[in-house]
Amino acid sequence: MDQSTSFSAESYFATQPAPPTLAQDIEGVKEFVARQAANNRRVVLVTSGGTTVPLELNVVRFLDNFSAGTRGATSAEYFLKAGYAVIFMHRQFSLQPFSRHYSHSTNPFLDFLAIDGDGADTEEVGITPDKRADAELFGVLKEYKRVQALGALHTLEFVTVNDYLWLLRAVSQELSVLRRRAMYYLAAAVSDFFLPRQKMSEHKIQSGKGSLHIEMDQVPKVLKPMVEEWTRDGYIVSFKLETDDGLLIPKARAALERYGHQVVIGNELHTRKYQVVFVERKRKPLPPLPPGVDDDEAGDAPAPPPKSPQLESMTFAESWIRIPATPAVGNVKEIEEDIIAELVRRHDAWIESTPAEI
Ligand code: PMT
């Protein structure tokens, strides 16, 4: 395959087809958002899991990434606990809030079930005796039922990076009616490269020709249009994943400078369950002029900084959240509990700083 193209978000959406279920998905989102607005609830969009990049139109092969959706599914639970309604936009078959505690591999749900009764006619499904008083199961189930009764969780699925981008744009636009009461928590692991539809082989790529050379195009960085066009005043949190700790803060700062959103949470692949760093822009007033000097008297000396309060230099604030990497037995603290508590606090403060616009 030849010649890579540079896609802007605009040219991407003009040339790549929308997923067939988009209109129906967005109808559901519209209703959900209207219900939450009527109940005066804040809403957070949580994106979760990895996106795939198909190599063929009749797809047999695709590229994928490591994300299981743990961060997103766990965070969604803590947002719900904090009183937010959640639109959980996740990779098909990745972990989901509540059911994540009983995944097929680590905690198979059939192990929780027993056959009650003593004869063929009276037998029914029961709960394994040693699970009846299981405090964790009881807690998860109670919270799950509470959220169901409130109607505070809405789920959407994506598989490919194309599904993801179309959904992200449409959901953001719907959610933007809530303005500052909406939060966008972008924890999905999004592919950086893709094959445009126009360059994809229709049928399974044949192996007869030896090695395979594919040149992929760069997926457009959609955070910029998300901040500037799709969301109105929303609170946007992106993640920065690196495998080199030293790059986390510089890359997070660069993202904030480039896109102008509220917070980047940096995480390193191997330590992401135990430590993350919050990076945000901070307005810092310029230092005062030296004593006895004002703007008019400065002569040929280098121009002093203007006194206008709007002209301030931009600096960054970083703060780490850490939990023990090896918790005491029975103490299963999840870092997302602290991440969400901190974000709720920051979202509150941010709304309060401009109350007239809510
Ligand atoms: O699911 P787990 O196993 O728990 O792992 C969680 C996680 C490590 C995947 C998660 O914490 C995380 O870091 N997610 C973001 C990973 C990522 O895609 O980083 P990035 O540097 O490629 O993108 C930066 C941000 O821009 C992300 O918030 C991403 O959602 C967003 N993005 C990325 C590409 C793109 N074209 N448009 C975007 O908006």
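Each value, and the rule that gives it
- Residues numbered from 1 in each chain as written.
- Predicted model: local features only at pLDDT ≥ 70, side-chain atom pairs only at ≥ 80, totals over all residues.
- UniProt positions renumbered as here; feature names shortened; annotations may be inferred.
- Helix = DSSP H or I, 4+ residues; strand = E, 2+ residues; numbered from the N terminus.
- Near = placed C-beta within 6 Å.
- Nonpolar A, V, L, I, M, F, W, Y, C, P; charged D, E, K, R; others polar.
- Core = buried A, V, L, I, M, F, W, Y, C linked by C-beta atoms within 7 Å.
- Buried ≥ 20, exposed ≤ 12 C-beta atoms within 10 Å, placed from the backbone.
- Contact = placed C-beta atoms within 7 Å.
- Axes fitted to C-alpha atoms, helices over the stretch in contact; angles between N-to-C directions.
- Parallel < 35°, antiparallel > 145°, perpendicular 65-115°, else oblique.
- Left-handed = near helix turned anticlockwise from the far one by under 90°.

Looking at an unreviewed UniProt entry, one finds the protein chain named DNA/pantothenate metabolism flavoprotein and attributed to Roridomyces roridus. Database annotation for the protein chain, UniProt heading Sequence similarities (unreviewed entry): "Belongs to the PPC synthetase family."

1. Here we look at the UniProt feature "domain: DNA/pantothenate metabolism flavoprotein C-terminal" (unreviewed entry) in the protein chain
Sequence positions flagged by UniProt for "domain: DNA/pantothenate metabolism flavoprotein C-terminal" (unreviewed entry) are, in local numbering, residues 42–97 and 160–272. As annotated, residues 42–97 comprises 21% helix and 30% strand, and the C-alpha atoms at either end are separated by 18 Å. Counted over residues 160–272, helix gives 34% and strand 20%. Its end C-alpha atoms are 24 Å apart.

2. Focus on the site of the ligand
In the vicinity of the ligand there are 21 residues, among which T70, R71, L186, S238 and F239 approach most closely. Elements represented by at least two residues in the shell around the ligand include exactly α3 (70–81) and β11 (235–242). Take the shell around the ligand: its biggest share by element is four residues, from β11. Residues belonging to the shell around the ligand are distributed by class as follows: 11 nonpolar, five polar and five charged.

3. Quick word on the nonpolar core
If you look at the biggest cluster of nonpolar residues, it comprises 66 residues, and the most contacted ones within it are V46, V86 and I87. The element best represented in this core is helix α5 (residues 161–175), accounting for nine residues. Not counting chain neighbours up to four residues away, the residues in contact with V46 comprise G72, S75, A76, F79, V86, F88, M89, Y185 and A187.

4. So, the packing of helix α2 (residues 22–38) against α5
Contact geometry for α2 and α5: axes closest at 10 Å, N-to-C directions at 30°. In terms of orientation, α2 lies roughly parallel with respect to α5. For the element pair α2 and α5, the recorded crossing hand is right-handed. Contacts between α2 and α5 pair L22, D25, I26, V29, K30 and V33 from the former with W166, L167, A170, V171, E174 and L175 from the latter. Among the residues making up the contact of α2 with α5, the classes are represented as nine nonpolar, no polar and three charged.

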